[in-house]
Each structure stands twice: as C-alpha cells, then as structure tokens.
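Reading the structure
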Amino acid sequence: MSRKFFVGGNWKMNGSKKVADELLGNLVKGPLDPNVEVLIGVPAIYLDFVKEKAPCSIYVAAQNCYKTEKGAFTGEISPSMLKDIGIDWVILGHSERRQIFQESDTLIAEKVNHALESGLSVVACIGETLEEREAGQTEAVVAKQIKAIKDKICNWQNVVIAYEPVWAIGTGKTASPQQAQDVHKILRKWLADEVNETVAKTTRIIYGGSVTSSNCRELAKECDIDGFLVGGASLKPEFVEIVNANQ
C-alpha cells in the first residue's frame, strides 16, 4: 500500500520574522517535489505570522500543545487555540520534551489523544537514548512509548510516527539506513500485531536524527522509512534537497 512521503522541518526555538521570511522564500523557490507532504514546525509566537505567509501546500505545525482545552496552565497552549488561528498540525513527544522537560509517556499520550479529538493531525515522536541502545533496549523502549499512545487513541488516520533516536539528534551522528530501517520495520510489525494490519500499512513512520542533504537519499530508499523530521537542516537551504530526497 502506497504511503505518501512526508518531510517535516522542526525549527525548534530558532528564528525571527526575518528568518521566517527567508526560510519560506527558500521553500517557495524550491522547487519542491509535488508528491511530498511538507510540514514546518514553528515557534508558537510566530505561528500566526508564518501561517499567513506560507503557501497552502505547506503545513504549518505547532511544536507542542497541552492535553486540555483551557484552564490555569500558565505558558501552555491548547489545540483549540491552534485551530482558532488555522493551525492543523502539532508535533508531540519530541525527545527534547521528554528529556529536558521530563514529559512522561502517559502525558504525551494524553496530549496526542486530546489533539486528535480536537481535530489536529499529530507527528508523534518516539526514540531511545544512547544508553538504552547500547543496553539492547531499543525495541522495548519504542514499544513502550508507542503503546502508551495506542492505549489512549482509537483512530490512527491523522497520526504520523517520527522515530528519533535521541543519540542522533543534534549530534551529527545518524543511524545508518539499515539501523533506521530495522527500527521502522519493528514499529510497523508492532502496529500490525497490536493495532491492525491496515494501520500498519497506512501509517507513515518517518525518521529524525541529524538528517542532511548528504544522507537523506540513502535513508529514503528504505522501504519502511516514509520521510523525515528534520531539525538543524530545516533552517538551511539544503532542506529543499531533503524534501526532494525521493526524486
């Protein structure tokens, strides 16, 4: 079953209006492969600005949101607020949220569920640390993380899974195409066994972890890698080449 290639650029806590204009200019100039869905994850303060300027062919995503519609949660934003300004996507469970801000599997799953119920599409991130990989725990860790999400949601139609080995994010290291493919294959089998075969065949599983223009084409050749979630390289002109990795 064909799965449309999906490439997300996560700007993280970077940028300004000037930078956003430059990045959007690079994307508009492209040219971008029309057979790829493209998303940019934008700091919350610039979501409205970027949404107004981005072409309709590029999804604009928040980098986080909370698990309830409203309330006394200083500093948080809700899915309903995102919908109110025309944002239809959110990135949840990024390793930096897990590691730096200590978000648990359960909290992330609750946030994914509420975002989906509110009408957002979700890039749900999972991945192991270097210590967990070296201890041979990769499969157990990603299974635990994805199970927490599975236990909270009923419909996978608007979910993209991003496998991001923590040891390969911002380090310059990247999983080899075979290492990445091995985990993606494990995740797809897990979906087949624990959810159903249709979800396993249709859910896109994308790779994140120091993806660059120099390694994206080899990674894209793997049968279970359906795209990328890109960090640092999404702030550079080479992001266009990564979007076009399947050409």
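Just above sits the structure.
Given the structure is predicted, the values throughout are model-derived calculations rather than measurements.

**Quick word on the overall build of the protein chain**
The helix and strand inventory of the protein chain stands at eleven helices and eight strands. Over its C-alpha trace the protein chain gives a radius of gyration of 17 Å, about what one expects of a compact globule, namely 18 Å for 247 residues. The principal-axis extent of the C-alpha atoms belonging to the protein chain is close to 45 × 45 × 35 Å. Residues counted as buried form 51% of the 247 residues belonging to the protein chain. On the protein chain, roughly 11,600 Å² of surface is accessible, and the fraction owed to carbon and sulfur atoms is 50%. One way to put it: in the protein chain the 28 positive side-chain charges average out to a point 2 Å from where the 32 negative ones average out.

**Remarks on the packing of helix H5 (residues 105-117) against helix H7 (residues 138-150)**
Closest axis-to-axis distance for the H5/H7 pair is 8 Å, and the angle between their directions is 40 degrees. Here H5 lies oblique to H7, going by the angle between them. As H5 packs across H7, the resulting crossing turns out to be right-handed. Mapping the contact onto sequence places Asp-105, Ala-109 and Val-112 in H5 and Lys-144, Gln-145, Ala-148 and Ile-149 in H7. Across the contact of H5 with H7, the residue classes tally to four nonpolar, one polar and two charged.

**Points about helix H8 (residues 177-194)**
Its 18 residues place the ends of H8 25 Å apart at the C-alpha level, agreeing with the 26 Å of an ideal helix rising 1.5 Å per residue. Every buried residue of H8 is listed here: Ala-180, Gln-181, Val-183, His-184, Leu-187, Arg-188, Trp-190 and Leu-191.

**Topic: the environment of Ala-233**
Residue placement: Ala-233 occurs in the loop between strand E8 (227-230) and helix H11 (239-243). The buried category is assigned to Ala-233, whose relative accessible area is 8%. With 94 residues separating them along the chain, Ala-233 and Glu-139 place their C-alpha atoms 27 Å apart.

**A look at the pattern of salt bridges**
Across all of its chains, the model carries 18 salt bridges by this definition. Of the charged contacts in the structure, one is a salt bridge between Glu-110 and Lys-67, with a shortest N-O distance of 2.9 Å. With a gap of 43 residues between them, Glu-110 in helix H5 and Lys-67 in the loop between strand E3 (58-62) and helix H3 (79-84) connect regions that are remote in the sequence. A relative accessible area of 30% means that Lys-67 is categorised as partly exposed. Salt-bridge contacts for Asp-193 lead to Lys-189; the nearest nitrogen and oxygen are separated by 2.6 Å. With Asp-193 and Lys-189 both in helix H8 and four residues apart, the pair spans about one turn of that helix. What makes Asp-193 partly exposed here is its relative accessible area of 49%. One network of salt bridges, with partners in common, ties together Arg-3, Arg-188, Asp-224 and Asp-226.

**A word on the pairing of strand E4 (residues 89-92)**
Burial along E4 is two-sided: the face carrying Trp-89 and Ile-91 and the face carrying Val-90 and Leu-92 are both buried. Sheet analysis places E3 next to E4, joined by two bridges and oriented parallel. The residue of E4 that forms the bridge with Ala-62 is Val-90. Between the parallel elements E3 and E4, the chain passes through H3 in a crossover that is right-handed.

**Let's talk about H7**
Helical geometry: 3.6 residues make up each α-helical turn, so side chains three or four residues apart lie on a common side. Along its 13 residues, H7 runs 18 Å from first to last C-alpha, staying within 8% of the 18 Å computed at 1.5 Å per residue. Within the span of H7, buried status applies to Thr-138, Val-141, Val-142, Gln-145, Ile-146, Ala-148 and Ile-149. Viewed end-on, H7 has its buried residues packed into an arc of 150 degrees, placing them on one side of the element. Facing away from the buried side of H7 by over 90 degrees, the exposed positions are Ala-140 and Lys-144. Structurally, H7 contributes buried residues whose contacts are with helix H4 (95-99), H5, strand E5 (121-126), helix H6 (130-134), strand E6 (159-163) and H8.

Thresholds, definitions, all that
Residues numbered from 1 in each chain as written. Predicted model: local features only at pLDDT ≥ 70, side-chain atom pairs only at ≥ 80, totals over all residues. Heavy atoms only, no water. Helix = DSSP H or I, 4+ residues; strand = E, 2+ residues; numbered from the N terminus. Rg over C-alpha atoms; globule rule 2.2 N^0.38 Å. Buried < 20%, exposed > 50% of the residue type's maximum accessible area, 1.4 Å probe, protein only. Areas by Shrake-Rupley, 256 points an atom, 1.4 Å probe, with all protein chains shown as cover. Lys, Arg positive; Asp, Glu negative; His and termini not counted. Charge placed at Lys NZ, Arg CZ, Asp CG, Glu CD. Axes fitted to C-alpha atoms, helices over the stretch in contact; angles between N-to-C directions. Parallel < 35°, antiparallel > 145°, perpendicular 65-115°, else oblique. Left-handed = near helix turned anticlockwise from the far one by under 90°. Contact = heavy atoms within 4.5 Å. Nonpolar A, V, L, I, M, F, W, Y, C, P; charged D, E, K, R; others polar. Expected span 1.5 Å × (residues − 1). Salt bridge = Lys/Arg side-chain N within 4 Å of Asp/Glu carboxyl O. Pairing = 2+ DSSP bridges. Right-handed = clockwise from strand over helix to strand, strands pointing away. Arc of directions from axis to C-beta.

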